[in-house]
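What follows is the residue order along each chain.
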Amino acid sequence: MASRAIFVFPPFRLDVANEQLWHDSNLLDLRPKTFEVLLYLVQNAQRLVTKRELLNSVWAGASVSDELLRGYIRELREALGDDAKKPRYIETVPTRGYRFLPWVNDESSVQTPLSELKPAKAPQELRVGILHSLTGTMASTESPVVDATLLAIEEINERGGILGREIQPVVIDGASDERAFARQAAALIAEAKVCAIFGCWTSASRKSVLPIVEQRDHLLIYPTQYEGMEQCSNIFYTGAAPNQQIIPAVSWTVGFLRKKRFFLVGWNSVYSRAANAIIRDEVEASGGEIVGEEYVLPDSTEVTRVVRTIAQTEPDLIFNSLVGDMNLFYTRLLRAAGITPEKIPTVYFSVGEIELQSLSAREIVGDYASWNYFQSLDRPENHAFVKRFRSRYGRQRVVADTMEAGYLGVHLWAQAAHAADPDDVAAIRRALANQSFEAPGGRVRIDAENQHTWKTMRLGRIVEGGQFEIVWSSEKAIRPEPYPGSRSPAAWKEFLNKLYKAWGGNWTKSQTAIPQVDDCDSAE
């Protein structure tokens, strides 16, 4: 990891120079060696640190017992308020070592209160917003997208910025809450005076921000693969549309894997519900069968029930649209029930290299994921991208699809800003429609009609080491089609409206009173 003075994993802040651990504004008392143990774990966040590695690093070859190390770990857990049985910070990997679980940011990547921002020094600075979850269930997935976005901004600034003006990023926490995303987007536009917003991961957060950017005639560049069924003149979509991820994956499992009976697992969000409706249409059109459809909540009893249902149903394959931390517990219970990739493989739509770091190899090798980009892609542009990212953030870091989409989105925007007035949001939107870029995953371009991105589609098989072996590729970029052809745009919009109304004006369903939303009469 790059040398940095301060590491942040909210609500904690590790001040290296002063050897201090802060909990918000409270200074916590740590012994020097305890601090060193924490620092090494934080510097190697998200990966397994063996006991021997930790002992050699902190005690420099001195003979130290495992029991002494466990004592320091207990001190850290007490300081962090952590529970060894249900860890949020330090996970014990039996007989092997420890893993620091939160994603760690440097201080420059953590939100600055908008009230403390100084007025922009135009024309020297050009302010942009970065709106992702730095806390909550989506933090481990979204925080790396912030890093990739910042890397692109640094690259552009190193080349002179936009027409000689430095890009100043304003990073704000969406806190894994769709309503917080809406509030923060409004504040970025009204208070921070940004000229573009890069952000959102879940479809729920994007749909909450959509009316904000529409009302203020502003600009959101959205980096995540999604369910489609949307086309907004104020949003440019650099992730995959359904025909660039979901639909080809279904065709591949039917045509290449010869699967016929499918089980759908998701969470009660607009993304999972809509993705599963698309999958159902495609499977039934191919002569296949959906033998089960379940929506997982972050509750042990609920997850156990879903896994038991899968075991009883015995499908040929599982399509999984769970996101973030929800995959961890579910996948472990699936394996505990004897459901392995050899018996019943899974195709993931939201699990990439980042999520694989939290799952052991024996749990995931042999399953598949559908994306446009994989870190293992053998292209000179990708090798250079991975090298630059690791040089900036650390050798142990990985890159994934949404990170690449966030990165290329900044470069497309910068090209448009060079061609237009950087302060004129409408002019940048017009210029964006004509942009293309040689991205790490291949050449991409914006479709002028629907503001989605032409992208190559790939399927990867999970292999040892937390990476993907690409087993199928479209080879050429696919034109994006936001509305799947199995239903009319009007029918898809009606489907979404039913979800929104059933969930009380939200794009995710709360943990109580979960209805089975019937979409049959919205299909044609």
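Quick look at helix α8 (residues 270-285)
Over its 16 residues, α8 extends 23 Å from the first C-alpha to the last, a length consistent with the 22 Å expected when each residue adds 1.5 Å. In terms of burial, α8 is largely enclosed, as 12 of its 16 residues are buried. Residues Val270, Tyr271, Ser272, Arg273, Ala274, Ala275, Asn276, Ala277, Ile278, Ile279, Asp281 and Val283 constitute the buried set of α8. In this structure, the buried residues of α8 make contact with α6 (203-215), α7 (246-255), β14 (261-266), β15 (289-295), β16 (317-320) and α16 (489-502).

What to know about α6
Over its 13 residues, α6 runs 19 Å from end to end, which matches the ideal 18 Å to within 8%, given 1.5 Å per residue. Approximately 25° is the largest bend angle found in α6, and it occurs at Val209, with the proline Pro211 only one to four residues beyond. Counting buried residues along α6, 10 of its 13 residues qualify, which places the element largely inside the surrounding structure. Burial in α6 covers these residues: Ser203, Ala204, Ser205, Arg206, Lys207, Ser208, Val209, Leu210, Ile212 and Val213.

Examining empty space enclosed by the protein
What the rule picks out here adds up to five cavities of 30 Å³ or more. Size it by volume and the largest cavity reaches roughly 70 Å³. Among the secondary structure elements, those contributing two or more residues to the lining of the largest cavity are α4 (139-158), α11 (353-356) and α14 (401-419). If you tally residues by element for the lining of the largest cavity, the top one is α14, at three residues. Tallied by class, the residues present in the lining of the largest cavity amount to six nonpolar, four polar and two charged.

Brief notes about the environment of Ala414
Here Ala414 shows up in helix α14. For Ala414, a relative accessible area of 4% puts it in the buried group. Non-local contacts of Ala414, meaning those with residues more than four positions away in its chain, are made with Ile156 and Ile162.

Looking at unusual backbone geometry
In the segment running from Pro10 into Pro11, the intervening peptide bond is cis, with an omega of 5°. By the secondary structure assignment, Pro11 is in the loop between β1 (6-9) and β2 (12-15). One non-glycine residue, Leu163, adopts positive backbone phi at about 55°. One can find Leu163 in the loop between α4 and β10 (166-173).

Quick notes on the pattern of salt bridges
One side chain can pair with another of opposite charge once the charged atoms of both are near each other. Counted under the stated rule, the structure contains 23 salt bridges. Between Asp217 and Arg429 there is a salt bridge, with the nearest N and O atoms lying 2.9 Å from each other. Here Asp217 is found in the loop between α6 and β12 (220-222), whereas its partner Arg429 is found in helix α15 (residues 425-432), with 212 residues between them in sequence. Residue Asp217 is classed as partly exposed on the basis of its relative accessible area of 41%. Residue Arg429 is classed as buried on the basis of its relative accessible area of 12%. In this structure, Glu294 and Arg305 form a salt bridge, with 3.0 Å as the shortest nitrogen-oxygen distance.

Considering the sheet that holds strand β23 (residues 467-473)
If you trace the seven strands from one edge of the open sheet to the other, you get β15-β14-β16-β17-β18-β22-β23, paired in mixed fashion. Each having just a single partner strand, β15 and β23 make up the two edges of the open sheet. The sheet shows a mean angle of 25° between the axes of neighbouring strands, taken without regard to direction. Alignment of strand β17 (residues 346-348) against strand β18 (residues 368-371), held across two bridges, turns out to be parallel. Bridging across to β18, Val347 finds its partner in Tyr368.

Some words on the sheet that holds strand β6 (residues 90-93)
Here we have three strands laid out as an open sheet, ordered β5-β7-β6, and antiparallel in their pairing. Every interior strand has two partners, whereas the edge strands, β5 (48-50) and β6, have only one. Mean inter-strand twist for the sheet, computed between neighbouring axes without regard to direction, equals 30°. Across four bridges, the pairing between β6 and strand β7 (residues 97-100) is antiparallel. Looking at β7, one finds that Thr92 is bridged to Tyr98. Sheet contacts for helix α2 (residues 51-59): β5 and β7; angle to β5, the most-contacted strand, approximately 70°. Docked against the sheet, helix α3 (residues 66-80) engages β6 and β7, running at close to 150° with respect to β6.

Observations regarding the state of the cysteines
Applying the stated criterion across every chain yields a total of zero disulfides. Cysteine Cys200 is unpaired, with the sulfur of Cys232 as its nearest cysteine sulfur at 12 Å. What makes Cys200 buried here is its relative accessible area of 0%.

Things to note about the packing of α7 against α8
One can describe the packing of α7 onto α8 by two numbers: an axis separation of 10 Å at closest approach and a directional angle of 40°. The angle between α7 and α8 places the two elements in the oblique class. As α7 runs across α8, the sense of the crossing is right-handed. Contacts from Ile246, Ile247 and Val250 of α7 reach α8 at Ala275, Ile278, Ile279, Glu282 and Val283.

Examining the nonpolar core
Leu219, Ile310, Tyr330 and Trp413 are the most contacted members of the largest nonpolar core, which has 68 residues in total. Broken down by element, this core gets its largest block of residues, nine residues, from α14. Not counting residues up to four positions away in its chain, the partners in contact with Trp413 are Leu126, Val128, Ile162, Ile167, Cys195, Ala196, Phe198, Leu219, Ile221, Ile428 and Leu432. Grouped together as the second largest cluster of nonpolar side chains are 33 residues, Trp252, Val270, Trp492 and Phe495 included.

About the cut-offs
Residues numbered from 1 in each chain as written. Predicted model: local features only at pLDDT ≥ 70, side-chain atom pairs only at ≥ 80, totals over all residues. Heavy atoms only, no water. Helix = DSSP H or I, 4+ residues; strand = E, 2+ residues; numbered from the N terminus. Expected span 1.5 Å × (residues − 1). Buried < 20%, exposed > 50% of the residue type's maximum accessible area, 1.4 Å probe, protein only. Contact = heavy atoms within 4.5 Å. Bend = angle between axes of the 7 residues up to and from the residue. 1 Å grid on protein atoms, 1.4 Å probe; cavity = no way out; pocket = protein on both sides within 12 Å on 5 of 7 lines; lining within 4 Å. Points joined across faces, edges and corners; volume = space filled by probe spheres on them. Nonpolar A, V, L, I, M, F, W, Y, C, P; charged D, E, K, R; others polar. Salt bridge = Lys/Arg side-chain N within 4 Å of Asp/Glu carboxyl O. Pairing = 2+ DSSP bridges. Axes fitted to C-alpha atoms, helices over the stretch in contact; angles between N-to-C directions. Disulfide = S-S within 2.5 Å. Parallel < 35°, antiparallel > 145°, perpendicular 65-115°, else oblique. Left-handed = near helix turned anticlockwise from the far one by under 90°. Core = buried A, V, L, I, M, F, W, Y, C linked by side-chain atoms within 4.5 Å.

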